[in-house]
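# Report on the structure
The residues making up each chain are set out below.
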Amino acid sequence: MAEIVVVENKRAGGELVASTIRRLIEAKADTVLGLATGSTPLPVYAALAQSLRKDPMDVSRVRGFALDEYVGLPAGHSESYRTVITRDVVRPLGLTPANIYVPNGDTTSLEHAGSDYERALEAAGGVDLQILGIGRTGHLGFNEPGSSFASLTRVKTLAPKSRADNARFFASPDDVPMHCITQGLGTIRRARHLVLLAFGAEKAAAIHAAVEGPVTASQPGSAIQLHEHVTVVLDEPAAAELSNLDYYRYIWANKPVWQGI
Ligand code: F6R
């Protein structure tokens, strides 16, 4: 079962995950992090940057793999995930840019961009800790409902709801790309530890389906139920539709301190 942790607010969630990442890097200097974009993981990156400023450590060997990228945005576009990861993760954390991988959304090389990315992930030894957000459609990465649990990195079409949700980052809703290249659910499931975060009432239904619903391709988030090490970090509104919430709280409150997440 996924471990469910209900935190007071985003900031507390960010600090919890950041401290776990820090311990991971202390144990393994060339840790491979799976990096999500969007709003949800920002408190994690902010807390980690703050912790590194307060108490510096060598992160020069840490590697990072983005979950996804839009297809067809010009290089250097302010909303391409390459740009976003450089701005929100690489620079604030002081990571080595050459150690950061983002799927290639350039339309000239899409035919092999997915398999190239899978090869790079494999060569790196796989992801140690994968940060995940979830879409209102239940998507993980950009694996929209119907995505195979065995899928690997490939080009997909964004669901209308996901394009509408991401319109806030673009000048007009029509500017949101129609296609993306995303790690598959099969790729994501290979990561050794999945950390799924969700904040806000608009994520409550997707979280309920992911954690307690049937395992079905119609709810891509439910793929987490097939993984042996999953932590789900939620604020109260995102946790509100979970039926067994009292039980999850009880488990967390009684967890041996040494175990971490
Ligand atoms: C981002 C990603 C998406 C987002 C999801 C939630 O790399 O793959 O699955 O995690 O769309 O987005 P936010 O966090 O903006 O609500």
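Before reading on, note that the structure itself is shown above.
Residues numbered from 1 in each chain as written. Predicted model: local features only at pLDDT ≥ 70, side-chain atom pairs only at ≥ 80, totals over all residues. Heavy atoms only, no water.

Side chains Arg 63 and Phe 65 project from strand 3 (residues 63-66) onto one buried face, and the interleaved Gly 64 and Ala 66 project onto a second face that is buried too. Here strand 2 (residues 32-35) pairs with strand 3 via four bridges, running parallel. Note that in strand 3 the partner of Leu 33 across the bridge is Gly 64. Once you follow strand 2 into helix 2 (residues 42-54) and on to strand 3, the crossover reads as right-handed. Taken together, the two bridges between strand 3 and strand 5 (residues 100-101) define a ladder with parallel strand orientation. By the bridge assignment for strand 5, Phe 65 is matched with Tyr 101. (Buried < 20%, exposed > 50% of the residue type's maximum accessible area, 1.4 Å probe, protein only. Helix = DSSP H or I, 4+ residues; strand = E, 2+ residues; numbered from the N terminus. Pairing = 2+ DSSP bridges. Right-handed = clockwise from strand over helix to strand, strands pointing away.)

Overall, parallel pairing links the seven strands, which are arranged 1-10-9-6-2-3-5 in an open sheet. This sheet does not close on itself; its edge strands, each paired only once, are strand 1 (3-7) and strand 5. When strand 2 meets strand 6 (residues 129-132), the two strands line up parallel, connected through two bridges. Across the sheet, residue Gly 34 finds its bridge partner in strand 6, namely Gln 130.

Moving on: the site of the ligand. Near the ligand there are 14 residues, and of these Thr 40, Asp 68, His 139, Gly 141 and Lys 203 occur at the shortest range. A distance of 2.8 Å separates an oxygen atom of the ligand from a polar side-chain atom of Arg 168. Here Lys 203 contributes a side-chain N or O atom positioned 2.7 Å from an oxygen atom of the ligand. Contact with the protein chains covers 93% of the free accessible surface of the ligand, which is 410 Å². Looking at side-chain class alone, the shell around the ligand contains three nonpolar, eight polar and three charged residues. (Near = heavy atom within 4 Å. Polar contact = N/O pair within 3.5 Å; in protein donor to acceptor, adjacent residues only side chain to side chain. Areas by Shrake-Rupley, 256 points an atom, 1.4 Å probe, with all protein chains shown as cover. Nonpolar A, V, L, I, M, F, W, Y, C, P; charged D, E, K, R; others polar.)

Where burial is concerned, most of strand 10 (residues 230-235) is hidden: six out of the six residues are buried. Going residue by residue along strand 10, you find Val 230, Val 232 and Leu 234 tucked away on one face and Thr 231, Val 233 and Asp 235 tucked away on the opposite face as well. In this sheet, strand 10 lies alongside strand 1 in parallel orientation, the contact comprising five bridges. Each residue of the ladder has a partner; that of Ile 4, found in strand 10, is Val 232. Here five bridges tie strand 9 (residues 193-198) to strand 10, and the two strands are oriented parallel to one another. By the bridge assignment for strand 10, Val 195 is matched with Thr 231. One crossover worth recording links strand 9 to the parallel strand 10 by way of helix 7 (residues 204-212), and it is right-handed.

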